[in-house]
Amino acid sequence: QVQLVESGGGLVQAGGSLRLSCAASGSSRSANFMAWYRQAPGKEREFVALITSTGTTNYADSVKGRFAISKDTGKNTVYLQMNSLKPEDTAVYYCNAKFPYSAQFWGKGTRVTVSS
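Residues numbered from 1 in each chain as written. Predicted model: local features only at pLDDT ≥ 70, side-chain atom pairs only at ≥ 80, totals over all residues. Heavy atoms only, no water.

**A look at the sheet that holds strand β1 (residues 3–7)**
Line of reasoning, step 1. Strand order in the open sheet made by the four strands is β1-β3-β8-β7, with antiparallel pairing throughout. Sheet topology places β1 and β7 (67–72) at the edges, where each strand pairs with a single neighbour. Within the sheet, the average angular offset between the axes of one strand and its neighbour, ignoring direction, is 15°.
Line of reasoning, step 2. Two elements, strand β3 (residues 18–25) and strand β8 (residues 77–82), share six bridges in a ladder whose sense is antiparallel. (Pairing = 2+ DSSP bridges. Helix = DSSP H or I, 4+ residues; strand = E, 2+ residues; numbered from the N terminus. Axes fitted to C-alpha atoms, helices over the stretch in contact; angles between N-to-C directions.)

As structure tokens, this is what we get:
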């Protein structure tokens, strides 16, 4: 069974940076894609960024130019570098991954709080 474990969340002032990591275990194959979602208090979970097995990336408009997703295929790990953070980036950030011949998996999330 695939497990995704996020890390790197915390409290940061507006304008600061954080780097999130998500390590996948339990699969001998590389992920088709890995992604980040977030859920702010009282809001629905929303897409943040995605990276495919070939390195193609996609971002939500709200984070373009500020966030960067990357991966280490050998470690089955995905990263989210978050710069110029804003209070509205405050949320629980979830890792999501799809592996060959399996369903999508979710991590338990890591909390990011951006103070103004």
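Following the structure, the description resumes.
**Concerning the packing of aromatic side chains**
Line of reasoning, step 1. Scanning the model with the defined rule gives two aromatic pairs in all.
Line of reasoning, step 2. Ring plane angle 65° and centroid distance 5.0 Å describe the contact between Tyr37 and Trp106, whose orientation is recorded as edge-to-face. Taken together, the residues Tyr37 in strand β4 (residues 33–39) and Trp106 in strand β10 (residues 104–106) connect sequence positions 69 residues apart.
Line of reasoning, step 3. Three or more aromatic residues link up through ring pairs in this structure, and these residues are Tyr37, Phe47 and Trp106.
Line of reasoning, step 4. Sitting over the ring of Tyr94, Arg45 keeps its end group 3.7 Å from the ring centre. (Phe/Tyr/Trp six-rings, centres within 6.5 Å; stacked < 30°, edge-to-face > 60°. Lys NZ or Arg CZ within 6 Å of the ring centre and 35° of its normal.)

**Observations regarding the nonpolar core**
Line of reasoning, step 1. Core analysis: the biggest nonpolar cluster contains 30 residues, and Leu4, Met34, Trp36, Leu80, Met82 and Tyr93 have the highest contact counts within it.
Line of reasoning, step 2. Those elements that provide at least two residues to this core are β3, β4, β5 (46–52), β7, β8, β9 (91–98) and β11 (110–115).
Line of reasoning, step 3. Other than its neighbours up to four places away in sequence, Leu4 contacts Cys22, Ala23, Ala24, Met34, Cys95, Asn96, Ala97, Phe105, Trp106, Gly107 and Lys108. (Core = buried A, V, L, I, M, F, W, Y, C linked by side-chain atoms within 4.5 Å. Buried < 20%, exposed > 50% of the residue type's maximum accessible area, 1.4 Å probe, protein only. Contact = heavy atoms within 4.5 Å.)

Shape descriptors only; they carry no functional weight alone.
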